[in-house]
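Here is how the chains run, residue by residue.
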Amino acid sequence: MDLFGSSGVRGVANETLTPELAMRVARAAGTVWNTDRAAVARDTRTTGGMLADSVASGLAATGADVDCLGVVSTPAAQFHAERAGVPLVIVTASHNPREYNGIKLVGDDGVELPVEALERVEATVDDGGATAASWDAVGQTRQVEGVGRDYVAEVVAAVDRERIADADLTVALDPGHGAGSLTSPDLFRELGCRVVTVNAQPDGHFPGREPEPVPENLGDLGRLVRATDADLGVAHDGDADRAIFYDETGAPIPGDATLAALARADLEPGDTTVSAVNVSQRLVDVASEAGAELVLTPIGSTRIAGRIQELRAAGERVPVAGEGNGGVFFPSYRVARDGAYTAARFLELVADRPASEVVEPVSGYHNVRLNLSGDEPERERMLDAVADLAERERDRSGADLTTIDGYRLDYGDAWVLARPSGTEPLVRVYAEAGDQDRARELAERVRDAALEARDG
Ligand code: MG
C-alpha cells in the first residue's frame, strides 16, 4: 500500500495531503463501503476543517448522508461509528507535527479498517472507479452535536468509577491542545478526580507543545505534577488515542511500562495478548509470568487491531494489547486505542497504590537503539547480513526468530531487532535486557554484521 501507511494517509497538508486527495480518498471509501450513511470527524489542526469539508463532499457524492462530528477525539469518533453503525473518516495526523494532517478509515463497528479493506479503497483511488450518485441520490450533510459528552458518559460507565472516586486523586492533564482537550478534563472530573491542566485549550497552532507525547515535549506536565502534588500526570497525542503517564514524583513512565503494568493487572492463564515486533521485554516477562501467550505483529496499530479481531474470532480471550507508545487496546471495551479509557484504567490501579509502585514490578530494563544509515542498496546489504546472522544465532543459541517485520531474536531474558525504518533511510537496531551490557552487546553484534556488509 503506497497511499495508506501503517497509520493511514499522512502528509503535509496542502502539499501532500490536499483537499483534492482527501476528496478522492473519501469517494473511494464511500464506494467501497456502498453505504447510505457515513461520518466524518477531525482533530484540532488548522487544516482539519478544510479537509473534513472535502471528505464530507466526497462521501456525499457517492450517495451517503454524512454525520459531521466536528472536532472530537479519535476514540470518541469511533464510539459514534459503533453506536450509530456507520463507517467513519477521521481527519487527523495523530502525533505528527503541526503542518501535517492525515486520513484514517474506520468501519461501522468502530474498528479501524483492516489492511485488505484499505487495499480495496486504495485500488479505487487509483483506478478512478468511484461511484457518482445521480442528482436526486447524492447525500446530505448534518452536524451531530454532543458526541464528546456521550462518549465521556460511556467511558465513565465502563470503568470502576467508585474505586477511582474514593481515592481522592489529583490528575494533572496535558492534552497538548489536541482533541482530548474537549473530553478528558470532563472525564477525570466525572471520575471524581481533582483536575489541573496545561495546554488544554484546543488550538491547531499547538502553541504550548508539539502533538507527540514524548518526554522532550512534556516538561510542563512534569512541573505541573510536582507543583500541584498530583497523583498522576496524563498526556495525549493530537487525537487522544494515546496516553502517556507521569508518576507522582513528576517522572515520566515509559509507555512500555504502562502497557506491561496494565497487562499484569488483566492477563490470566490461557489469555493472549498482542503487540508489535518491537515489544518490550517487560510485556514478554509479564505474559510469561501470567501464563498468557504473546502474539507479535508488524509495527502499527492497524496490524495489531487486525490480529486482535482474528484471535477473538477464533475464541481467544484478548483482554489487553498494544504498543509501548501509549496506544493500548482493551478489546472487550472496544478494539480501538483510547487514551482517555486507558488513563481511567490506569487510575483504577493508582487508586490502590502510587503510580511509581504500580510500575515498579515492570521496571529495571535497559534499552539500546542504534540507527544505521545507508542508501537503498546499502540497506539491502545490511538487512541480508542481519538475516544470515539471525539464522546462525537461532541455530547456535536456540533463540526464537521472528521475521514478520525485520528480524527479531528472542533469547528469553533479552531480545534484539533490526528492521528498516518506515520513514527514513535507516536500518534501526533495538535491543533490551535487564542488564545494560547484555542489551548493548546484542545490539552491537547486529550492528557490526550490518556495517561490515554495508562497507564491504
Ligand atoms: Mg493518535
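Quick notes on the rules
The residue numbers shown here count from 1 along each chain, following its written sequence. Totals for whole chains, interfaces and linings use all residues, but because this is a predicted model, local features are given only for residues with pLDDT of at least 70 and pairs of side-chain atoms are given and counted only at 80 or more. Only hydrogens and water are set aside; all other atoms, that is, all heavy atoms of the structure, feed into the side-chain values. Only DSSP runs of H or I reaching four residues or more are called helices, and only runs of E reaching two or more are called strands; each is numbered from the N terminus. Here the coordinating atoms are restricted to nitrogen, oxygen and sulfur within 2.8 Å of the metal centre, or 3.2 Å for Na, K and Ca, and because water is not among them the sites may look incomplete. Accessible area is worked out with a 1.4 Å probe on protein chains only. A residue is then buried under 20% of its type maximum, exposed over 50%, and partly exposed in between. The contact criterion used is simple: two residues touch if any of their non-hydrogen atoms lie within 4.5 Å. By nonpolar core we mean a set of buried residues, namely Ala, Val, Leu, Ile, Met, Phe, Trp, Tyr and Cys, connected to one another through side-chain atoms within 4.5 Å. Axis lines are fitted to C-alpha atoms, over the contacting stretch for helices. Their N-to-C directions set the angle, which ranges from 0 to 180 degrees. In what follows, roughly perpendicular refers to angles from 65 to 115 degrees, roughly parallel to angles under 35, roughly antiparallel to angles over 145, and oblique to any angle outside these ranges. For any pair of crossing helices, the crossing counts as left-handed if the nearer helix is rotated counterclockwise from the farther one by less than a right angle, and right-handed if it is rotated clockwise. Gly is placed with the polar residues, together with every amino acid not listed as nonpolar (Ala, Val, Leu, Ile, Met, Phe, Trp, Tyr, Cys and Pro) or charged (Asp, Glu, Lys and Arg). Two rings belonging to Phe, Tyr or Trp (six-membered ring only in the last case) form a pair when the distance between their centres is within 6.5 Å. Interplanar angles under 30 degrees mark stacking, angles over 60 mark edge-to-face geometry, and anything in between is tilted. Between any two strands, at least two bridges found by DSSP are needed for them to pair.

What is the right way to look at unusual backbone geometry in this model?
Negative phi is the rule for most residues except glycine; trans is the rule for most peptide bonds. For Ser94, which is not glycine, the phi dihedral falls at a positive 55°. With respect to the element layout, Ser94 can be found in the loop between strand 4 (88-91) and strand 5 (100-106). One non-glycine residue with positive phi stands out, namely Asp168, at about 50°. Its place among the elements puts Asp168 in the loop between helix 6 (161-166) and strand 7 (170-174).

I tried to follow the coordination of the magnesium ion on my own but got confused; where do I start?
For a metal bound by four donors in tetrahedral geometry, the ideal donor-metal-donor angle is 109.5 degrees, whereas six donors in octahedral geometry ideally sit at 90 or 180 degrees. Bound to the magnesium ion on the protein side are Ser94 (OG), Asp237 (OD), Asp239 (OD) and Asp241 (OD), at distances that span 2.0 to 2.2 Å. Ordering the donors of the magnesium ion by residue number gives the pattern S-x142-D-x1-D-x1-D. Taken individually, Asp237 and Asp241 each receive the classification buried, so the pair is uniform in this respect.

How should I be thinking about the environment of Arg24 in this particular structure?
Tracing the chain through its elements places Arg24 in helix 1 (residues 19-33). Along the backbone, Arg24 and His236 are 212 residues apart, and their C-alpha atoms lie at a distance of 30 Å.

Sorry if this is basic, but what is going on with the environment of Ala343 here?
Relative to the elements of secondary structure, Ala343 occurs in helix 12 (residues 339-350). Sequence-wise, Ala343 and Ser184 are 159 residues apart; in three dimensions their C-alpha atoms are separated by 9.4 Å. Leave out the neighbours within four places in its chain, and Ala343 touches Phe188, Val234 and Phe245.

Just to check I follow, could you spell out the nonpolar core for this structure?
General note: in soluble globular proteins, nonpolar side chains tend to be found buried as a group. Leu69, Leu88, Phe188, Leu191 and Phe346 are the most contacted members of the largest nonpolar core, which has 68 residues in total. Beyond its immediate stretch of four places on either side in the chain, Leu191 contacts Val156, Val159, Arg161, Ile164, Ala165 and Ala344. Counting residues in each nonpolar core, the second largest holds 31 residues, with Phe4, Ala28, Ala38 and Cys68 among its members.

How should the packing of helix 1 against helix 4 (residues 115-127) be read in this particular structure?
When two helices pack together, you describe them by how their axes are tilted relative to each other and by the distance separating the axes. Where helix 1 contacts helix 4, the two axes come as close as 8 Å, and the packing angle between them is 120°. Regarding the angle of helix 1 to helix 4, the classification is oblique. The interaxial crossing formed by helix 1 with helix 4 has right-handed handedness. Counting all contacts with helix 1, which are made through Arg24, Val25, Ala28, Ala29, Thr31 and Val32, the residues of helix 4 involved are Arg120, Val121, Thr124 and Val125. When grouped by side-chain class, the residues that make up the contact of helix 1 with helix 4 number 6 nonpolar, 2 polar and 2 charged.

I keep staring at the packing of aromatic side chains and nothing clicks. Help me out?
Each aromatic ring pair is specified by the distance between its two centres and by the angle formed by the two planes. Considering all chains together, one arrives at 4 aromatic pairs under this definition. Taking the centre distance of 4.5 Å and the plane angle of 15° together, the rings of Phe245 and Phe346 count as stacked. Placement of the pair is Phe245 in strand 10 (residues 243-246) and Phe346 in helix 12, with a sequence separation of 101 residues. Here the two residues Phe245 and Phe346 agree in accessibility, since each one is buried. An aromatic cluster is built from Phe330, Tyr333 and Tyr341, whose rings are joined through pairwise contacts.

What exactly am I supposed to notice about the sheet that holds strand 9 (residues 232-236) here?
The strands making up a sheet are joined through hydrogen bonds of the backbone, oriented either antiparallel or parallel. Read from one edge of the open sheet, 4 strands run 8-7-9-10, paired in mixed fashion. Sheet topology places strand 8 (194-197) and strand 10 at the edges, where each strand pairs with a single neighbour. The mean inter-strand angle of the sheet, taken between neighbouring strand axes irrespective of direction, is 25°. Note: strand 9 against strand 10, 4 bridges, orientation antiparallel. Residue pairing for strand 10: His236 is matched across the bridge by Ala243.

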